[in-house]
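A structural walkthrough
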Amino acid sequence: MTRISTDILISGGGVAGLTAAALFGTEGYSVICVDPAPPVTEETAEGADLRSTAFLQPSLAVLKAAGLWDRLAPFATDLQVMRIVDAGGKIPSPRITRDFNATDVSDLPFGWNLPNWLLRREMVRRLEGLPNVDFRPGTATAAVLTRDTEALVDLSDGTKVSAQLLIGADGRNSPVRESLGIGVRTMRYGQKALAFAVTHPEPHGNVSTEIHRSGGPFTLVPLPDRDGRPCSAIVWMERGPEVLRLAALPEAEFNAEMTARSGAIYGPLRLETRRTVWPIISQVAHRMSGERTALIAEAAHVMPPIGAQGLNMSLADLRVLLDLCRAAPNRIGEEPMLDLYHRRRHPEVLARVTGIDILNRASMQSAQPLRDLRAAGVASLYALKPVRRTLMRLGMGARG
Ligand SMILES: Cc1cc2nc3c(=O)[nH]c(=O)nc-3n(C[C@H](O)[C@H](O)[C@H](O)COP(=O)(O)OP(=O)(O)OC[C@H]3O[C@@H](n4cnc5c(N)ncnc54)[C@H](O)[C@@H]3O)c2cc1C
């Protein structure tokens, strides 16, 4: 059977892979993007991704270069303030609250929040308008063989592809990464996350709030009003068995428990969507590139959802890859380019995964003295203005 040639083959059409396809398609490269699971593009459909993504400032340039931002902006909610609340005392009400306001470091909001199912819908529509992008939902990467001059990829529909550059965007168990024999370091916490949307009587005021008590953070991120009621996306992290108990609770009891866990900061919370459960790990690939291959997003790095780092780091991977492609457009996928990609991204990824790992372990503490220590730490870091500003810039994606 003859092989078809393409500049770039993207294995994986999750949010990261779809963004990569739009980005390199807009740049003029021929792109094939494959994923065995067709994207679910409606909130109420079975399998819909009910998480939301807070895109931080540096991600905006990537979304614009991919021709995506104009489509997404009408649905985005500004994030103006990041609020850290410690509710680690004897009772679950807030005892320390600190606001990080974007106006301290920028004229723009920190970021913009969008539901993941809606991201997929708009990304797929964008790809439909790019004749040089061949998106194949329902098709998987079946086998990968690389050599100096090309990546040879067999797809599950029988197609054989020769690509100058193979991008592994196929998730935390990346088949591309495994084919290349690139190992990972994984850290487990015995923790899961519940992700869902709620409405509440009090307005969120474009404040994203992370509440720490034990088991992991409880995070409320602003969404547009729903049927005239203020609305937020919630990620609630706890030990695994506790998450499974919460996920199975009757709705009225669940509403009562999550309102208590939120410290009732917005009044009684009302569940508006299904509850979805996500396993929580940290993981870093030993290398971010191999022969003719770049690993991006969860294929390269996974971390607990704290400080909205995950997908923003994936877009940082894409920003670096795009710069390297622009520097040598006819030499994409060659060894010097991919070595440089690894060297530019890997130290930054290691630093961020380590930082989020420490924050997550601090948030999980159940012993009272350690919770008190955590609260004191938040208060003293916040009190130092230069430290506070540096933390804000780092949190938004500035390089350390
Ligand atoms: C609860 C939660 C909340 C989060 N909130 C945020 C946030 O606010 N901000 C943020 O920046 N990040 C956030 N993240 C992280 C973010 O969601 C992830 O980084 C992102 O969704 C990962 O995208 P991905 O495309 O790498 O992986 P995935 O979404 O897992 O996509 C991988 C794709 O690869 C496909 N695939 C598998 N096998 C094959 C194969 N053989 N061939 C081809 N394709 C294949 C799969 O079907 C899948 O569609 C959150 C994460 C969690 C768990």
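These remarks concern the structure in this document.

The rules behind the values
Residues numbered from 1 in each chain as written. Predicted model: local features only at pLDDT ≥ 70, side-chain atom pairs only at ≥ 80, totals over all residues. Heavy atoms only, no water. Axes fitted to C-alpha atoms, helices over the stretch in contact; angles between N-to-C directions. Helix = DSSP H or I, 4+ residues; strand = E, 2+ residues; numbered from the N terminus. Parallel < 35°, antiparallel > 145°, perpendicular 65-115°, else oblique. Left-handed = near helix turned anticlockwise from the far one by under 90°. Contact = heavy atoms within 4.5 Å. Near = heavy atom within 4 Å. Polar contact = N/O pair within 3.5 Å; in protein donor to acceptor, adjacent residues only side chain to side chain. Areas by Shrake-Rupley, 256 points an atom, 1.4 Å probe, with all protein chains shown as cover. Nonpolar A, V, L, I, M, F, W, Y, C, P; charged D, E, K, R; others polar. Pairing = 2+ DSSP bridges. Buried < 20%, exposed > 50% of the residue type's maximum accessible area, 1.4 Å probe, protein only. Salt bridge = Lys/Arg side-chain N within 4 Å of Asp/Glu carboxyl O.

For the pair helix α8 (residues 310–327) and helix α9 (residues 335–364), interaxial distance at closest approach is 10 Å and the crossing angle is 160 degrees. By the angle between their axes, α8 is roughly antiparallel relative to α9. Relative to α9, the crossing made by α8 is right-handed. Every residue of α9 that contacts α8 at Met313, Ala316, Asp317, Val320, Leu321, Leu324 and Cys325 is listed here: Met337, Leu340, Tyr341, Arg344, Arg345, Val349 and Arg352.

For the rest of this paragraph, the subject is the site of the ligand. Taken together, 30 residues sit near the ligand, with Asp35, Thr141, Glu298, Leu311 and Asn312 positioned nearest. A distance of 3.0 Å is found between an oxygen atom of the ligand and a backbone nitrogen or oxygen belonging to glutamate 298. Contact with the protein chains hides 86% of the accessible area of the ligand, taken as 1,000 Å² for the molecule alone. Mapped onto the shell around the ligand, the elements with two or more residues apiece are α1 (15–26), β2 (31–35), β3 (52–56) and α8. Grouping the amino acids of the shell around the ligand by side-chain chemistry returns 15 nonpolar, 10 polar and five charged.

Within the open sheet, the three strands sit side by side as β3-β7-β4. Their pairing is antiparallel. Of all strands in the sheet, those with a lone pairing partner are β3 and β4 (77–79), marking the two edges. Strand-to-strand twist in this sheet, taken as the mean axis angle between neighbours without regard to direction, amounts to 30 degrees. Of the strand pairs in this sheet, β3 and strand β7 (residues 111–115) are connected by five bridges, and their pairing is antiparallel. Opposite phenylalanine 55, over in β7, you have tryptophan 112 as the bridge partner. Packed onto the sheet, helix α4 (residues 116–128) meets β3 and β7 and runs at close to 85 degrees relative to β7.

By secondary structure assignment, the location of arginine 352 is in helix α9. Separated by 2.8 Å, the side chains of arginine 352 and glutamate 348 make a polar contact.

Of note, the phi angle at alanine 264 is positive, near 55 degrees, even though the residue is not glycine. Its place among the elements puts alanine 264 in the loop between α7 (251–261) and β16 (270–271). Take alanine 264: its relative accessible area is 40%, and that puts it in the partly exposed class. Phi is positive for alanine 297, close to 55 degrees, though the residue is something other than glycine.

Let us now look at the pattern of salt bridges. Scanning the model with the defined rule gives 24 salt bridges in all. In this structure, arginine 120 and aspartate 49 form a salt bridge, with 3.0 Å as the shortest nitrogen-oxygen distance. Of the two residues, arginine 120 is situated in helix α4 and aspartate 49 in the loop between β2 and β3; the sequence distance between them amounts to 71 residues. Each member of the pair, arginine 120 as well as aspartate 49, carries the same accessibility label: buried. Between arginine 121 and glutamate 122 there is a salt bridge whose closest N-O contact spans 3.0 Å. A single network of salt bridges, built from pairs that share partners, joins Glu43, Arg226, Arg270 and Glu272.

Across the 11 residues of strand β15 (residues 229–239), eight count as buried, placing the element largely inside the fold. Alignment of strand β12 (residues 184–199) against β15, held across nine bridges, turns out to be antiparallel. Along β15, the bridge assignment pairs phenylalanine 196 with isoleucine 234. Here strand β14 (residues 218–226) runs beside β15; their pairing, made up of seven bridges, is antiparallel.

Attention now goes to the packing of α1 against α4. Contact geometry of α1 with α4 gives a least axis separation of 10 Å together with a crossing angle of 30 degrees. Between α1 and α4, the crossing angle belongs to the class labelled roughly parallel. The crossing of α1 and α4 is left-handed. Note on element contacts: α4 touches α1 through Leu119, Arg120, Met123, Val124, Arg126 and Leu127, opposite Val15, Leu18, Thr19, Ala21, Ala22 and Thr26. Residue composition of the contact of α1 with α4, grouped by class: eight nonpolar, two polar and two charged.

Buried residues of helix α2 (residues 57–65): Ser59, Leu60, Val62 and Leu63, and no others. For α2, the elements touching its buried residues are α1, β3, α3 (69–72), β7 and α8. Positive backbone phi, at 70 degrees, marks glycine 67, one or two positions downstream of α2.

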